[in-house]
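Report on the structure
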Amino acid sequence: MNTTGAMASEHAQKVYGSPPQSELRLVLLGRIGAGKSTVVKTILGRDKFRSEGVTCVKKQGEVAGRTVIIVDTPGWDSVKHTSKHIQEEIKNSVILCPPGPHALLLVVPMGDQLSSSARKAIQYHIELLSVRAWKYTMVLFVSDAEEKCTYNEQNQMLERANSILVKCGERHFHFEVGNSTTQVTELLKKIDAMVAENYEDFFIPQVYYELLESKIPREVTELIRMSEDRVSRLEQRYKRELKEKDEQLSKYREAEKATEMLKRTDSSKWLPPDMNTETQERTGMQKGKTDQQTVALQAIKQGYREEALSVVQHYVKPLMVIITSVLGALIGAVAGAQHGTLGACVGIPVGIVVAVLGSYAVRGAATAARDVPGTVSVKGPAVQNRDEGKPFYISSPSAFNKDQ
């Protein structure tokens, strides 16, 4: 909640060209039991400080080499139950630190529910001083240093106090009482930044303000009002633009994270839809072409098998004739040998005759085998590709025609 507090004073000095005030005047406001007295003790470093009463108490001390004056006011209850005496004490609190306080610290306990009635009470008692008081108000969310508040609890507190924060220009600080002096230093820097934003101005008590207005010519008063309105509009514009820049920066950082995640992931899983479609079409074409090549290869194999079978059928018959002839000649010679030399001589011519007949049969079978084309005829567009020397594919075995 106070991440910018550490650099606020240095930034303010660079922008406005002035060092922190040598004397810092503060007024603490808040409901009964908010912890205002504890805050005073923590800032001034005093263990003994009287508890909350029904009158204002002024304390002074040296903090970080400069004088700090704090006015602790009596706490209020609700709009209806706050006595006239308490209201007058709150009005007079700003007169106790002349010429006027640099900051009004609205003390709100961390975890306070801030109901609708509680917010109305805050607005009512702050505006007892004047509507101008919001320009010098900072909300001080107070918690015990031993009870650490989580990030979610702090955000929830900011949401509940949103309507109050809007009135005081979103100025707030999370103050852990009982913590080291670092917290006090950070708080003072945050207050210095607010003083610089107000051009080192301080809150003028309403009674003095009305007196000054009565002495200032009406034309000058109107110019002052117009100037204040213009400054207010510029501040709102600046805050709006700053919020837009923060949102743009957040989106940029989210985009960077998303890009980094894409780099770490398989790029094929994150292709754009158009690229995916193109890839699928290309893959389908390649698959179709592969399937076509597979079918063509199968067709060629089938054609060669049919051609080989045809050749075998033409050559097996002549071979069988030759084998039969040889066997016949041997059988004739053996059979003739049983009748003596004359029978063997007769058997040999018979074998020769059978061999001659077998040779004629082989010649006829070879001639018949040579007459078979054994070629593949291709139909369709593939003929043109073949003639032009281009690769072609046969879609199915039916493309083969054998000339019988």
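Remember, it's a predicted structure, so these values are computed and weren't measured experimentally.

1. Regarding the pattern of salt bridges
- Per the counting criterion, the structure on display carries six salt bridges.
- Note that R25 is salt-bridged to E23, the shortest N-O span being 3.0 Å.
- Classification of R25 as buried rests on a relative accessible area of 6%.
- Residues K148 and E176 are paired through a salt bridge, measuring 3.4 Å at the closest nitrogen-oxygen approach. With K148 in the loop between β5 (137-144) and α5 (151-160) and E176 in strand β6 (residues 172-177), this pair connects stretches of sequence that are 28 residues apart.
- Residue E176 is classed as buried on the basis of its relative accessible area, which comes to 11%.

2. A short note on the pairing of strand β3 (residues 66-72)
- Most of β3 is tucked away, with seven of its seven residues classed as buried.
- Burial of the side chains of β3 extends over both faces: R66, V68, I70 and D72 are buried on one face and T67, I69 and V71 on the other.
- Sheet topology places strand β1 (residues 23-29) next to β3; six bridges connect them, and they run parallel. Along β3, the bridge assignment pairs L26 with I70.

3. Re the packing of aromatic side chains
- Overall, the coordinates contain one aromatic pair when judged by the stated rule.
- Taking the centre distance of 5.8 Å and the plane angle of 70 degrees together, the rings of Y136 and F203 count as edge-to-face. Placement of the pair is Y136 in the loop between α4 (116-126) and β5 and F203 in the loop between α7 (181-197) and α8 (206-215), with a sequence separation of 67 residues.
- Judged by its relative accessible area of 5%, Y136 is buried.

4. Details of the nonpolar core
- One finds L29, L106, I122, L129 and V139 to be the most contacted residues of the largest nonpolar core, which totals 31 residues.
- Contributions of two or more residues to this core are made by β1, β3, α3 (84-93), β4 (103-109), α4, β5 and α6 (162-167).
- Not counting chain neighbours up to four residues away, the residues in contact with I122 comprise W76, L106, L114, W134 and I164.
- Core analysis: the next-biggest nonpolar cluster, separate from the first, contains 26 residues, L24, A34, V39 and L187 among them.

5. Observations regarding a nonpolar patch on the surface
- Together, L212, I216, V220 and I224 give the surface a local cluster of nonpolar side chains, amounting to about 280 Å² of exposed area.
- Assessed through its relative accessible area of 31%, I216 is described here as partly exposed.

6. What about unusual backbone geometry?
- With an omega of 5 degrees, the peptide bond between P98 and P99 qualifies as cis.
- Looking at the secondary structure, you find P99 in the loop between α3 and β4.
- Of note, the phi angle at A64 is positive, near 55 degrees, even though the residue is not glycine.
- Along the chain, A64 falls in the loop between β2 (57-63) and β3.
- The phi dihedral of S130 falls on the positive side, at around 155 degrees, and the residue is not glycine.
- By secondary structure assignment, the location of S130 is in the loop between α4 and β5.
- With a relative accessible area of 10%, S130 lands in the buried category.

Each value, and the rule that gives it
Residues numbered from 1 in each chain as written. Predicted model: local features only at pLDDT ≥ 70, side-chain atom pairs only at ≥ 80, totals over all residues. Heavy atoms only, no water. Salt bridge = Lys/Arg side-chain N within 4 Å of Asp/Glu carboxyl O. Buried < 20%, exposed > 50% of the residue type's maximum accessible area, 1.4 Å probe, protein only. Helix = DSSP H or I, 4+ residues; strand = E, 2+ residues; numbered from the N terminus. Pairing = 2+ DSSP bridges. Phe/Tyr/Trp six-rings, centres within 6.5 Å; stacked < 30°, edge-to-face > 60°. Core = buried A, V, L, I, M, F, W, Y, C linked by side-chain atoms within 4.5 Å. Contact = heavy atoms within 4.5 Å. Patch = residues over 30% accessible without salt bridge, like charges linked within 9 Å, V, L, I, M, F, W, Y side chains within 5 Å. Areas by Shrake-Rupley, 256 points an atom, 1.4 Å probe, with all protein chains shown as cover.

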